[in-house]
Amino acid sequence: VLRSLGIPTRVITNFNSAHDTNINLSIDKYIDISGKTLHLTEDSVWNFHVWNESWFIRRDLGHFYDGWQVLDATPQERSKGIFRCGPASTRAIKEGDVNLDYDSSFVFAAVNADCVTWIHYSSKRKERIYSNTRKIGKFISTKAVGTNSRVDVTDNYKYPEVKDIPFKISYSQYKNALMDDRKILVTAV
């Protein structure tokens with residue numbers, strides 16, 4: 001419909017798509033002390049989810065948020081009492097501006113939520129035992145214009161994940177490296 005009105009629109013597929021029902025920006029899993037899953041939340045991770053993007057000027061939010069906007073024709077949660085989702089600015093999602101109207105927090109979680117496992121001891125006590133910050137929002141894609149190729153648009157939704165680089169060095173190696181640096185410095189002068 002939007003294309004017929006002359007509004008640029010495309011289909012987006014998000015793999016490992018989070019469904020954050022309580023909008024706490026994490027997908028929580030609860031287990032008891034024996035490891036049995038407790039059904040205390042309706043949060044889930046879907047293999048994929050599909051929505052549309054359309055190109056809008058956002059006078060209501062400011063020009064910073066102009067550009068591609070997420071519109072979900074199959075919303076699973078109520079937004080202000082109505083089943084709807086969007087238009088949420090992809091710029092807002094990437095920048096983490098989750099307090100804006102039009103479901104930016106829900107879409108942010110869909111592409112960037114943390115997966116957290118908790119041991120549930122009682123209604124007042126729980127302990128986080130695992131957190132995965134990289135599982136959600138993989139290979140966010142659209143179809144290339146004029147071909148059947150996939151175009152990765154993940155960078156429109158989130159900044160690249162920072163890779164942990166294990167860095168271990170003994171104190172003696174560190175001390176020797178400092179000595180080598182001093183030698184280079186003295187030699188250079």
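Residues numbered from 1 in each chain as written. Predicted model: local features only at pLDDT ≥ 70, side-chain atom pairs only at ≥ 80, totals over all residues. Heavy atoms only, no water.

*Asks:* Describe the confidence of the model for the protein, with residues and values.
*Replies:* Across the protein, pLDDT averages 86, with 84% of residues at or above 70. Mean pLDDT across the elements of the protein bottoms out in helix 4 (residues 171–188) (53) and peaks in strand 12 (residues 150–152) (97). Predicted confidence for residues 181–189 stays below pLDDT 50, and this span has zero contacts to residues more than four positions away or in other chains. (pLDDT = per-residue confidence, 0-100. Helix = DSSP H or I, 4+ residues; strand = E, 2+ residues; numbered from the N terminus. Contact = heavy atoms within 4.5 Å.)

*Asks:* Which residues make up the pattern of salt bridges, and what are the values?
*Replies:* Applying the stated criterion across every chain, the model contains three salt bridges. E53 is paired through a salt bridge with R10; the nearest N and O atoms lie 2.7 Å apart. Residue E53 is found in strand 4 (residues 44–56), and its partner R10 is found in strand 1 (residues 9–19); the two are separated by 43 residues along the sequence. A single burial state applies to E53 and to R10, both of which are buried. When the shortest N-O distance is used, the salt bridge between R150 and D152 registers 3.4 Å. In this structure D152 comes out as partly exposed when scored by relative accessible area, which is 41%. (Salt bridge = Lys/Arg side-chain N within 4 Å of Asp/Glu carboxyl O. Buried < 20%, exposed > 50% of the residue type's maximum accessible area, 1.4 Å probe, protein only.)

*Asks:* I'd like a description of the nonpolar core, backed by residues and values.
*Replies:* Counting 15 residues, the largest nonpolar core has W51, V70, I93, V107 and Y157 as its most contacted members. Core analysis: the second largest hydrophobic core is formed by six residues, I27, A109, C115 and I136 among them. (Core = buried A, V, L, I, M, F, W, Y, C linked by side-chain atoms within 4.5 Å.)

*Asks:* So, empty space enclosed by the protein: which residues are in play, and what are the values?
*Replies:* Throughout the structure, instances matching the rule amount to one cavity of 30 Å³ or more. Taken as a whole, the largest cavity holds about 100 Å³ of empty space. Forming the boundary of the largest cavity are S17, A18, H19, W46, H49, W51, D72, Q76, C85, F106, V107 and A110. Listing elements by their share of the lining of the largest cavity, those giving two or more residues are strand 1, strand 4 and helix 2 (104–112). (1 Å grid on protein atoms, 1.4 Å probe; cavity = no way out; pocket = protein on both sides within 12 Å on 5 of 7 lines; lining within 4 Å. Points joined across faces, edges and corners; volume = space filled by probe spheres on them.)

*Asks:* Could you give an account of the layout of surface pockets, with specific residues and numbers?
*Replies:* When its volume is computed, the largest pocket comes out at roughly 170 Å³. In this structure, the largest pocket is lined by R3, T9, R10, V11, T13, S141, T142, K143, A144, V145 and G146. Sorting the residues of the lining of the largest pocket by element identifies strand 1 and strand 11 (138–143) as the ones contributing at least two each. Broken down by element, the residue count for the lining of the largest pocket peaks at four residues, all from strand 1. Its residues assigned to classes, the lining of the largest pocket shows three nonpolar, five polar and three charged. (Nonpolar A, V, L, I, M, F, W, Y, C, P; charged D, E, K, R; others polar.)

*Asks:* Outline unusual backbone geometry, listing residues and values.
*Replies:* Unusually for a residue other than glycine, I23 sits at a positive phi of about 50 degrees. For Y102, which is not a glycine, the phi torsion comes out positive at approximately 75 degrees. On the basis of relative accessibility, which here comes to 35%, the residue Y102 falls in the partly exposed class.

*Asks:* Residues and numbers for the side chain of S54, please.
*Replies:* Within the secondary structure, S54 is located in strand 4. Among the polar contacts listed, one links the side chain of S54 to the side chain of T9, at a separation of 2.9 Å. Not counting chain neighbours up to four residues away, the residues in contact with S54 comprise L2, I7, P8, T9, G67, W68, Q69 and L71. (Polar contact = N/O pair within 3.5 Å; in protein donor to acceptor, adjacent residues only side chain to side chain.)

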